[in-house]
Structures are given as C-alpha cells and as structure tokens.
Amino acid sequence: MLAHARRLLSSSSASSAMTRAVLVNAGRLDYDGSLDFSRLAAACGGEPTRHDDPTPSPAAIASRAEGHSVLITKEVPVDVASLPASVRLICEAGTGFNNIDLDAARARDITVCNVPTYSTDAVAHLVITLALNFSSSIVRQHRALARGDRAHFDSFAALGAYPHFELTGKTIGLIGGTGAIGAKVAEIAKSAFGMRVLVWSRSAETCERWEAARNLDDLLKRSDFVSVHCPLNERTRGLIDAAALAKMKPSAFLINTARGGVLNEADVVAALRAGHIAGAGLDVQDPEPPAPDSPLYDMDNVILTPHVGWKRVETRQRLIDAVAENVEAFNAGKPRNVVS
C-alpha cells in the first residue's frame, strides 16, 4: 500500500514537472485583470508562473523559461535557440506565429502550437466597423468637432467634403479571404449590408462561396474596400506596396487587421497623402506601436487603433481557455493546433 502511494506521488510530481508553465508576457493578455486562468492552471497542474511585462526581450524570455516545460507567449519575438532544455512546448497565444523560428523549434524537438480561430468574430466585427466609419465619415467629423470646427453642422457644402455613402452594392475585396476571419467578414458584408464580396488568396486558387478575383491586381482594381487577412511571411511581407496601391480606386479604402508588415507603410502614407486612395483603417502597424513621429497618428484619412481586434474581454478569455486546451492535448500525447 505504501509503495503504491509512493508511485502515485512520484507520478503526480512527474506530471507537475512536465506541465509546469510560464506566461512570459501576461500583461499583454490580462492588462485589465479581468481574465480567469483557472482552466489553464488545471491543465498545468497548478498556477503557471506569471510575468506581466508585455514586451520582454528574447533574453528575458529565455531566463523566465528556465525550469518550465511549457512556454506561453503573445506576439513577442522568441529566440528558440537560447531557450533552456526544459522547454518542450511553446504555446503562441494567438493566430500569428511569425515571432517564433519554427525551424529552430523543430531542430530542438520543441512543439509549437497556436490558437487559430479565437478572434474570428471580434476581428471581423472590427473590419465592418472600420468600413462603416469610412462610409459615414464618423471619425473625421468627430475630429473636426474636437478641434472646434463645426462647419459641417452649419453648411451642407462643408458636409459635402466628407465621404458619405451606403455600403450596399459596394465591393469589399478580401486578401487572404479564404481563412476563418475573411470568411466571417464576407458573410457579414454580404448578408447584413448587401455588399459584393471578392476574394483572392495565395494559398487557394478557388473560392466556392464567394467570387474569386483573377489575381491580386484584379481585386485591387475592382474593390471599394480592400481588407487584408493573410499571414505575414516572406511571400506576403510588403505585399501592398506603391505598385499595388496605384491599382486601387482613388475612392477606395484600405483596411488591415492582419499584420502590419504585409503593408509597405511608407508607401501607404505616400498614397494617402497624394490622394491615390481615400483612407486607411490600420489596427496593425509596423512596428507596433508606431514610432512617436509616425505620420499615421495625425493623418485625417487614417483610423489608427492599437491592435485591438483581439482585445475584447470575451475574446481574450476564449484565447486563454484555448491555450489550456492546447496544453491538455499535449499532455495527453495528442497535440493540437501544431504549426512547427
């Protein structure tokens, strides 16, 4: 009986050691203290070690990972080669994983998981919110009021300087629109607002539900709104550059809720200043946050938000619970959402 108890204790200790987890930048996830980590604690056999600094350096991440087998991170660069030997699983608390060197992880036999669909509704809602704001110039009108300009209340001519149109019948072009978020945007745009949906993706030649653009140029030329939904990688970095922007309508708006690096930001600024496009809604930038002297902060035809698409409280809670599911699956020998 005593031997059996010792075996159980030994097994429990091994399991606890195996699943010991560290959240290296919890402050990026739980910045308002509203999240419940109980499911993650249960998956890890106890409360994970928590560090609230939202932007730790790779060296700090490596130091914080010492003695832990599960590393949980959110959108910060991880130097996999410098991680301690204890790390067996990296959980990226999000969809994008361009901050992790997957080749290095494979070389060290470290499993890398992400959470691909936690923010689908929230980000899709933000895309539509930005389109609605541009169609009625709400942000521009509010900015005018904030600086004491009430001319658009007193003069129809002054109001006419602001774009004001219905979304019905307009075309929204989705770059990378065959993924979960793009598909949700398409569904809302079509069913709720009667918009035309045009889709182009590097990873899928056909789109069964929505009209497929012949190529990227075709999408850019025909769209009233161009919304970016592709991942950031070597093929998509700087995809929307001066040449691409020149193909858009002068009345068209660019929306990016994916990754800032998909756009050549300097080219976007130049196109906005020259009136080659009507405006841009940028929830992601390169870098994040933008440099203190970035012109994006003060441009009248830009709606700039600090990567808020995934930050609604329900969305973040769903994310933490999904990370727990990834840890549970890994512990059961059946890892899920593996990207390495």
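Presented here is an overview of the structure given in this document. (Residues numbered from 1 in each chain as written. Predicted model: local features only at pLDDT ≥ 70, side-chain atom pairs only at ≥ 80, totals over all residues. Heavy atoms only, no water.)

1. Let's talk about the pattern of salt bridges
(1) Moving on: If you walk through the whole model with that rule in mind, you get 19 salt bridges.
(2) Moving on: The closest approach of N and O atoms between R316 and D32, which form a salt bridge, is 2.8 Å. Taken as a pair, R316 in helix α13 (residues 313-331) and D32 in the loop between β1 (21-23) and α2 (38-43) lie far apart in primary sequence, 284 residues in all.
(3) Moving on: R316 gets classed as buried once you look at its relative accessible area, which sits at 1%.
(4) Moving on: For D32, a relative accessible area of 42% corresponds to the partly exposed category. (Salt bridge = Lys/Arg side-chain N within 4 Å of Asp/Glu carboxyl O. Helix = DSSP H or I, 4+ residues; strand = E, 2+ residues; numbered from the N terminus. Buried < 20%, exposed > 50% of the residue type's maximum accessible area, 1.4 Å probe, protein only.)

2. Things to note about the nonpolar core
(1) Moving on: Counting 31 residues, the largest nonpolar core has I175 and L254 as its most contacted members.
(2) Moving on: Those elements giving two or more residues to this core turn out to be β7 (196-200), α10 (216-222), β9 (225-228), α11 (242-245), α12 (265-274) and β11 (279-282).
(3) Moving on: When residues in this core are grouped by element, the largest group, four residues, is from α12.
(4) Moving on: Counting residues in hydrophobic clusters, the runner-up holds 25 residues, among them L35, F37, I72 and V115. (Core = buried A, V, L, I, M, F, W, Y, C linked by side-chain atoms within 4.5 Å.)

3. A word on the sheet that holds strand β3 (residues 70-73)
(1) Moving on: As summarised here, the arrangement of the five strands in space is β2-β1-β3-β4-β5, forming an open sheet in which the pairing is parallel. Two strands bound the open sheet, and with one partner strand each, they are β2 (49-50) and β5 (111-113).
(2) Moving on: Strand direction decides the pairing type here: β3 and strand β4 (residues 89-92), joined by four bridges, are parallel. Directly across from V70, in β4, lies its bridge partner L89.
(3) Moving on: Contacts from α13 reach β3, β4 and β5, with the element oriented near 160° to β4. (Pairing = 2+ DSSP bridges. Contact = heavy atoms within 4.5 Å. Axes fitted to C-alpha atoms, helices over the stretch in contact; angles between N-to-C directions.)

4. As for the pairing of β11
(1) Moving on: Burial along β11 is two-sided: the face carrying G279 and G281 and the face carrying A280 and L282 are both buried.
(2) Moving on: Bridging between strand β10 (residues 253-256) and β11 involves four bridges; their strand directions are parallel. Paired with N256 across the two strands is L282, which belongs to β11.
(3) Moving on: Assessed by its sense of winding, the connection that carries the chain from β10 through α12 to β11 is right-handed.
(4) Moving on: The sheet contact formed by β11 and strand β12 (residues 302-304) spans three bridges and is parallel. (Right-handed = clockwise from strand over helix to strand, strands pointing away.)

5. Notes on the packing of aromatic side chains
(1) Moving on: Evaluation of the coordinates by the stated rule reveals four aromatic pairs.
(2) Moving on: With centroids separated by 6.2 Å and ring planes inclined at 40°, the aromatic side chains of F165 and F225 adopt a geometry described as tilted. A residue pair is termed long-range when its members are at least 10 positions apart, and F165 in the loop between α8 (156-159) and β6 (171-175) and F225 in strand β9 qualify at 60 residues.
(3) Moving on: Judged by relative accessible area, F225 falls into the buried class, the value being 0%.
(4) Moving on: A connected cluster of aromatic rings, assembled from ring pairs, spans F134, F165, F225 and F253. (Phe/Tyr/Trp six-rings, centres within 6.5 Å; stacked < 30°, edge-to-face > 60°.)

6. Some words on the environment of P287
(1) Moving on: Locating P287 in the fold gives a position in the loop between β11 and β12.
(2) Moving on: Taking the relative accessible area as the measure of exposure, P287 reaches 47% and is therefore partly exposed.
(3) Moving on: Separated by 98 residues in sequence, P287 and A189 place their C-alpha atoms 29 Å apart.

7. Focus on the environment of G67
(1) Moving on: Residue position: G67 is located in the loop between α3 (58-64) and β3.
(2) Moving on: Between the C-alpha atom of G67 and that of S86, which follows or precedes it by 19 residues, the distance is 5.7 Å.
(3) Moving on: The residues touching G67, leaving out its near neighbours within four places in the chain, are R20 and S86.

8. Side note on the layout of surface pockets
(1) Moving on: By volume, the largest pocket is sized at about 740 Å³.
(2) Moving on: The wall of the largest pocket is formed by 39 residues, among which T95, H229, C230, P231 and A258 lie closest to the centre.
(3) Moving on: When residues of the lining of the largest pocket are traced back to their parent elements, those giving at least two are α5 (120-136) and α9 (180-193).
(4) Moving on: In terms of residues, the lining of the largest pocket owes the most to one element, α9, which gives three residues.
(5) Moving on: Taken together, the residues that form the lining of the largest pocket break down as 14 nonpolar, 19 polar and six charged.
(6) Moving on: Counted as a void, the second largest pocket has a volume near 560 Å³.
(7) Moving on: As for the second largest pocket, its lining consists of 22 residues, and the residues nearest its centre are E75, R259, Q285, E288 and H307.
(8) Moving on: Grouping the constituent residues of the lining of the second largest pocket by class yields seven nonpolar, eight polar and seven charged. (1 Å grid on protein atoms, 1.4 Å probe; cavity = no way out; pocket = protein on both sides within 12 Å on 5 of 7 lines; lining within 4 Å. Points joined across faces, edges and corners; volume = space filled by probe spheres on them. Nonpolar A, V, L, I, M, F, W, Y, C, P; charged D, E, K, R; others polar.)

9. Quick word on α5
(1) Moving on: If you check α5, its first and last C-alpha atoms are 25 Å apart, about what 17 residues at 1.5 Å a residue would give, namely 24 Å.
(2) Moving on: Most of α5 sits out of view: 13 of its 17 residues are buried.
(3) Moving on: Looking one or two places after α5, you find S137, whose phi comes out positive at around 55°. (Expected span 1.5 Å × (residues − 1).)

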